[in-house]
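Okay, here's what each chain looks like letter by letter:
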Amino acid sequence: MSLLLEFFGRLHPMLLHLPIGMLCALGIYEFRAWRKGDPPAPRFWVSLAAACAAFAAGSGWQLHQEPGYVEDFALEWHERLGIATGLSAILCAMLYNNVTRYRKVLLLSVATMLGAGHYGGTMTHGEDFIFEPLLRLAANNESQPPASVVSYERDIAPVFKAKCSKCHSASKQKGGLRLDAPEWILKGGKNDGAAVNVGHPDGHPILERILLDLEDEDHMPPEGKRQLTLEETDLIAEWLQLGAPFGPPLAAADAAAVQRLRDNLVHVQTISTESNKLYVDFAATATDINNQIVTELLMPIKDNIVELSLARAVQIDDGIMPLIAQMPRLEILSLVGTSITAASEVALKEIATVHLFDTAIQSEQPSDALATEILAEGEIKLTNSECPVTGEMIDPKYTIVYQGEEIQFCCPNCPKTFWEDPEKYLGAK
Amino acid sequence: MDDQDLLLTRRHFFGLGAAGIGGLALDSLLGPDLLGLKNSVPTTGTHFRPTAKRVIYMHMEGAPSQLDLFDYKPGLQKYFNQELPESVRQGQRLTGMTSGQARFPVAPSVFKFNKYANNQDGVWLSELLPHTASLAKDMCLIRSMHTDAINHEPALTFFNTGTQQVGRASFGSWMSYGLGNANANLPAFVVMISQGAGNMQALAARMWGSGFLPSEHQGCKLRAGDDPVLYLNNPKGVSRDDRRKLLDLSNALNEKEYQRTFDPEVRSRISQYEMAYRMQMSVPELTDISDEDDETLEMYGKDVHTQGSFASNCLRARRLAERGVRFIQLFHRGWDQHNNLPNEIKGQTSAVDRAQAALVKDLKRRGLLDDTIILWAGEFGRSVYSQGALTKTNYGRDHHPRCFSVWLAGGGIKPGIVYGKTDDHSYNIAENPVSVHDLHATMLHCLGFDHKRLGYFHQGREMRLTDVFGNVIKPILQ
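All of these numbers come straight from a predicted model, not from anything done at the bench.

1. Considering the overall build of chain B
Secondary structure summary: chain B contains 13 helices and 17 strands in total. Its C-alpha atoms give chain B principal-axis dimensions of about 80 × 55 × 40 Å. A sequence separation of at least 24 residues applies to 77% of the contacts in chain B between residues at least 6 apart.

Quick look at the structure:
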């Protein structure tokens, strides 16, 4: 029975279109008839419209019994108005004999039906589904293609503002957390610390909470509050996957400049398929390059470089520093084996990680190979491996203690023999 | 990238090759014969920012004994020569080498263990590995590895390709496919083999094969001696210019064939010829260690001067790593100690201990350990019961897939930790099991890949290194 009811509920998306069409048609027909003084529409059509409206409302109510619906404003009013439509349509059919009353209730029924339809559409397609292209036209944005890289400013901040700011902004800080500016997001709240794990694709507390089940008490936004749409969740996940960058998205490096590097056997690679940051390695031509070549090749893409290896390039010296200074995103730099000198040491402090082995700045000796601290030493109890009497394989069942040491034998008879002259048997061993 | 894109890349490449890269004065500085020899192999790119750019995988072929090297079981001494309890073995399938044995006597290790300071509360390691022990604060020791296979061939195949069946792509070829090459003059995947002192097992070239991936991704074996890559040098009487002309002609013919058939193997052939041409220059430079200082050579030990030794291969591995090679695999053979283990294993450890520790330290001081994953592993473990006669000083150990130890270092792996535990007999895993698929998935994660998304369509399905298995072991990540 419950399965049949479930089936009935699933008919809702199909049934609902019938009363919409019929009630609209009846409304237009009766309006025209009222103006002209004609008789009302045939009873058959009125009854059919009422029946359809009742079925649509009933199936909708049944569908709502299934789990998985987010209780929000649109659903609540869709349901209320839908049931009102069903009831008023039945009332229409009952009042058919009194034309004036019938027409007044029909007007009410059409009005509630339009309201129910509107909120139903909002539930399935989202707000502003119909007018969104016109809004874009008004904002004169139509020609801009959707940006490929998520931006905090453009994509994420508006979502936080719409869905999170009631509890996490200047006015209120539940859990001590604010999500209305980058510095607050990084500062984080009392429970999770920083809300995002900057620079990492995963380990973001905020996403973990968003992805929890709605029923989980740690889920955000809490049950009963307006939830994130799937699109919004995807957008946030995409942004976090990039490592939660707050700045404007970095433009891709000039393709011609990248190609030129590759033509010169320089390895250039984005650090991931979703990033425009570059890793550049001169490994193939290290011994041939000099300051001028590197500067000329890298200048057009200097903004994109986060990792650069000039290792083993003996012709590279302090003359490379003007270029290095112009790389705002450089995080990891290898100058191993170059001719860089102490003159550049201060400037290099600006970069998070610099490798300088085998240069004038640092010529680190390898630590003594065995210098690791030994905390404890294991013991090996060296008992005998063969029976001291017969030389046979020992069996631990036949163990005695002689002068504090365990001695094992092959059979129960040997210990007796042993005790007769221990020194003789130990000496033999 | 679909086939259309590949095709475009190809045409673009040849357009450049024929016309030169007009107006670029820089090219002449790099040598005219390097023109047009671009790194043309398309790659998938990483899914997220990697913590590692390359892998050095030291495979101890034959399977070293975890009980004598890494898995300290002092409690076993009181069980010496006692029968392995059925409650521990639980009817496990054994190899044909010991399944007929009347007894399964417990053989505790004869070697002394010391506890070394790491970043937790210390790690017990065998006296056989004094130099490796000095890496205690850099290494992540996993004591809870397990595998599905009990014999060398399938276990090696599993470790190297993610499945016991032959014919899949090896780990290194996946890296070459996914990451491409950071040095256009060397292959992305290089393999070196050293012979051991103990019982050796066969080692097939398909362990570094490319399976269904385009064949330019297969590992390139670097041999000992003056001719590290066979047939690389020009025959007598053929100059480098002659070779260039020959290649230009054969490439043009091959390109015609490619335009006719769109067979990707033709492209592989072209790029392999070009790679070989470039390697005529780059390999001699690579293998010439005269520019290494004495102090570095001293670190690796005196074997470093013997070509083909593990120490020599370790030094080469560092030189390959700093030249941008993605996957460097060192096989050291001879770990299959079915009998006479206490004596044979000493020959094995003395060959690898000093050199492998030196390799890690050498990488570390050059800043390369940050983005290089070191993996040291055998294909399975060895049994706690003795194969053959047991005495206080001698025993053998059979294959044991249910638990064994491997260690990793660098490349985003948490340093100075021990992960996983085995039971009192080092027979079953007591805590945090790590499968071969898990290890692969974790390493791929460090290399910037979601292992579920690094795939290649073949025989009607998406093939993956981890097949349909594998979980990233987050607790061992930094």
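2. Some remarks on the overall build of chain A
The number of helices and strands found in chain A is 17 helices and eight strands. Relative to the 2.2 N^0.38 estimate, which gives 22 Å for 429 residues, the radius of gyration of chain A is 40 Å and therefore markedly larger than a compact globule would have. Taking the principal axes of the C-alpha coordinates as reference, chain A spans close to 130 × 85 × 45 Å. The buried share among the 429 residues of chain A stands at 30%.

3. Quick notes on the domain arrangement of chain A
Under the domain assignment, chain A is made up of domain 1 (2-125), domain 2 (152-241), domain 3 (255-355) and domain 4 (395-428). The centre of domain 2 of chain A, based on its C-alpha atoms, is set 74 Å off from the matching centre of domain 4 of chain A.

4. Observations concerning the nonpolar core
If you look at the biggest cluster of nonpolar residues, it comprises 115 residues, and the most contacted ones within it are Cys140, Cys314, Leu375 and Ala409 of chain B. Counting residues per element, this core draws most heavily on helix H12 (residues 341-365) of chain B, at 10 residues. Here cysteine 314 of chain B is in contact with Tyr300, Leu330, Ala355, Gln356, Ala358 and Leu359 of chain B, once residues within four sequence places are set aside. By size, the runner-up hydrophobic cluster in this structure holds 39 residues, among which are Tyr279, Ala284, Leu333 and Val354 of chain A.

5. Some thoughts on helix H8 (residues 240-261) of chain B
Between the first and last C-alpha of H8 of chain B there are 31 Å, a value that for 22 residues agrees with the 32 Å anticipated at 1.5 Å per step. With one of 22 residues buried, H8 of chain B lies mostly on the surface of the structure.

6. Observations regarding the interface of chain A and chain B
Counting residues at the interface gives 45 residues for chain A, matched by 51 residues for chain B. The biggest single contributor to the side of chain A that touches chain B is strand E6 (residues 374-377) of chain A, with four residues. Taken together, the residues that form the side of chain A that touches chain B break down as 19 nonpolar, 14 polar and 12 charged. Two strands pair when backbone bridges link them, and E6 of chain A and strand E2 (residues 113-116) of chain B are joined in this way by three bridges, in the antiparallel orientation. Bridging from a neighbouring strand, alanine 376 of chain A pairs with lysine 115 of chain B of E2 of chain B.

7. Things to note about the sheet that holds E6 of chain A
Strand order in the open sheet formed by three strands is E6(A)-E2(B)-E3(B), with antiparallel pairing between adjacent strands. Lying at the two open borders of the sheet, with one neighbouring strand each, are E6 of chain A together with strand E3 (123-126) of chain B. Put simply, the sheet's adjacent strands are angled 35 degrees from each other on average, direction ignored. Examined bridge by bridge, E2 of chain B and E3 of chain B share four bridges and lie antiparallel to one another. If you follow asparagine 114 of chain B over to E3 of chain B, its bridge partner there is leucine 125 of chain B.

8. A look at the pairing of strand E1 (residues 54-60) of chain B
If a strand is regular, its side chains alternate between the two faces of the sheet. Residues and elements named next belong to chain B. The buried fraction of E1 amounts to seven of the seven residues, a majority that puts the element mostly inside the structure. With burial as the criterion, each face of E1 is covered, one bearing Arg54, Ile56, Met58 and Met60 and the other bearing Val55, Tyr57 and His59. Note: E1 against strand E8 (residues 372-377), six bridges, orientation parallel. Each bridged residue has a counterpart across the sheet, and for isoleucine 56 the counterpart in E8 is isoleucine 374.

9. Overview of the sheet that holds strand E4 (residues 332-334) of chain A
Residues and elements named next belong to chain A. Spatial ordering of the open sheet is given by E1-E2-E3-E4-E5, a layout of five strands whose pairing is mixed. This sheet does not close on itself; its edge strands, each paired only once, are strand E1 (267-270) and strand E5 (353-355). Taken over all neighbouring pairs, the strand axes of this sheet differ in orientation by 15 degrees on average, direction set aside. Where E1 lies against strand E2 (residues 278-281), four bridges are found, and the strand directions are antiparallel. Following the sheet pairing, histidine 267 is matched in E2 by aspartate 281.

10. Examining the environment of lysine 256 of chain B
Residue and element names in this part refer to chain B. As for its placement among the helices and strands, lysine 256 is situated in helix H8. Overall, lysine 256 belongs to the exposed group, with 11 C-beta atoms counted inside 10 Å. Taking the C-alpha atoms as reference points, lysine 256 and valine 266, 10 residues apart in sequence, are found 9.7 Å from one another.

11. Side note on the confidence of the model for chain B
All names here are of chain B. Mean pLDDT for chain B: 88, with 91% of residues reaching 70 or above. Segment residues 1-41 is flagged for pLDDT under 50; beyond a separation of four residues in sequence, or across chains, it makes 48 contacts in the model. At the level of chain-chain contacts, confidence expressed as ipTM amounts to 0.84, with global pTM at 0.72.

12. Considering the pairing of strand E8 (residues 405-409) of chain A
Inspection of the sheet shows strand E7 (residues 395-402) of chain A paired to E8 of chain A by five bridges, in the antiparallel sense. Bridge pairing in E8 of chain A links aspartate 395 of chain A to phenylalanine 409 of chain A.

13. Looking at the packing of helix H5 (residues 73-94) of chain A against helix H6 (residues 99-125) of chain A
All names here are of chain A. Relative to each other, H5 and H6 sit at 155 degrees, their axes nearing to 8 Å. Here H5 lies roughly antiparallel to H6, going by the angle between them. Once H5 is placed against H6, the crossing between them reads as left-handed. Residues of the contact of H5 with H6, tallied by class, amount to 16 nonpolar, nine polar and no charged.

14. Some details on the environment of serine 210 of chain B
All names here are of chain B. Mapped onto the elements, serine 210 comes out in the loop between strand E5 (189-194) and strand E6 (220-221). Counting along the chain gives 34 residues from serine 210 to serine 176, while the straight-line C-alpha distance between them is 9.5 Å. Once you skip the residues sitting within four places of it in the chain, serine 210 turns out to touch Ala169, Ser173, Ser215, His217 and Gln218.

15. Thoughts on the packing of helix H3 (residues 17-36) of chain A against helix H4 (residues 43-64) of chain A
Residue and element names in this part refer to chain A. Where H3 meets H4, the closest approach of the two axes is 8 Å, and the angle between their N-to-C directions is 145 degrees. For the pair H3 and H4, the sense of crossing is left-handed. Residues Leu18, Pro19, Met22, Leu23 and Leu26 of H3 pack against Trp45, Val46, Leu48, Ala49, Cys52, Ala53 and Ala56 of H4. In terms of residue class, the contact of H3 with H4 is built from 12 nonpolar, no polar and no charged.

16. Section: the environment of aspartate 192 of chain A
Residue and element names in this part refer to chain A. Within the secondary structure, aspartate 192 sits in the loop between helix H9 (182-187) and helix H10 (205-211). A count of 16 C-beta atoms within 10 Å places aspartate 192 in the partly exposed class. For aspartate 192 and aspartate 421, which are 229 residues apart along the polypeptide, the C-alpha to C-alpha distance reads 74 Å.

17. Here we look at H4 of chain A
Residue and element names in this part refer to chain A. Its 22 residues give H4 an end-to-end C-alpha distance of 32 Å, which sits within 8% of 32 Å, the value for a rise of 1.5 Å per residue. Within the sequence span of H4, burial applies to Val46, Ala49, Ala50, Cys52, Ala53, Ala56, Ala57, Ser59 and Gly60. In this structure, the buried residues of H4 make contact with helix H1 (2-10), helix H2 (12-15), H3 and H5.

18. A few points about unusual backbone geometry
Residue and element names in this part refer to chain A. The omega torsion across methionine 220 and proline 221 is -10 degrees, close enough to zero to call that bond cis. Despite not being glycine, arginine 312 shows a phi value in the positive range, around 70 degrees. Within the secondary structure, arginine 312 is located in the loop between strand E3 (305-309) and helix H14 (321-325). Since 22 C-beta atoms lie within 10 Å of it, arginine 312 is described here as buried.

The rules behind each value
Residues numbered from 1 in each chain as written. Chains lettered and ligands numbered in written order. Predicted model: local features only at pLDDT ≥ 70, side-chain atom pairs only at ≥ 80, totals over all residues. Helix = DSSP H or I, 4+ residues; strand = E, 2+ residues; numbered from the N terminus. Contact = placed C-beta atoms within 7 Å. Rg over C-alpha atoms; globule rule 2.2 N^0.38 Å. Buried ≥ 20, exposed ≤ 12 C-beta atoms within 10 Å, placed from the backbone. Domains from an automatic or database assignment. Core = buried A, V, L, I, M, F, W, Y, C linked by C-beta atoms within 7 Å. Expected span 1.5 Å × (residues − 1). Nonpolar A, V, L, I, M, F, W, Y, C, P; charged D, E, K, R; others polar. Pairing = 2+ DSSP bridges. Axes fitted to C-alpha atoms, helices over the stretch in contact; angles between N-to-C directions. pLDDT = per-residue confidence, 0-100. Parallel < 35°, antiparallel > 145°, perpendicular 65-115°, else oblique. Left-handed = near helix turned anticlockwise from the far one by under 90°.

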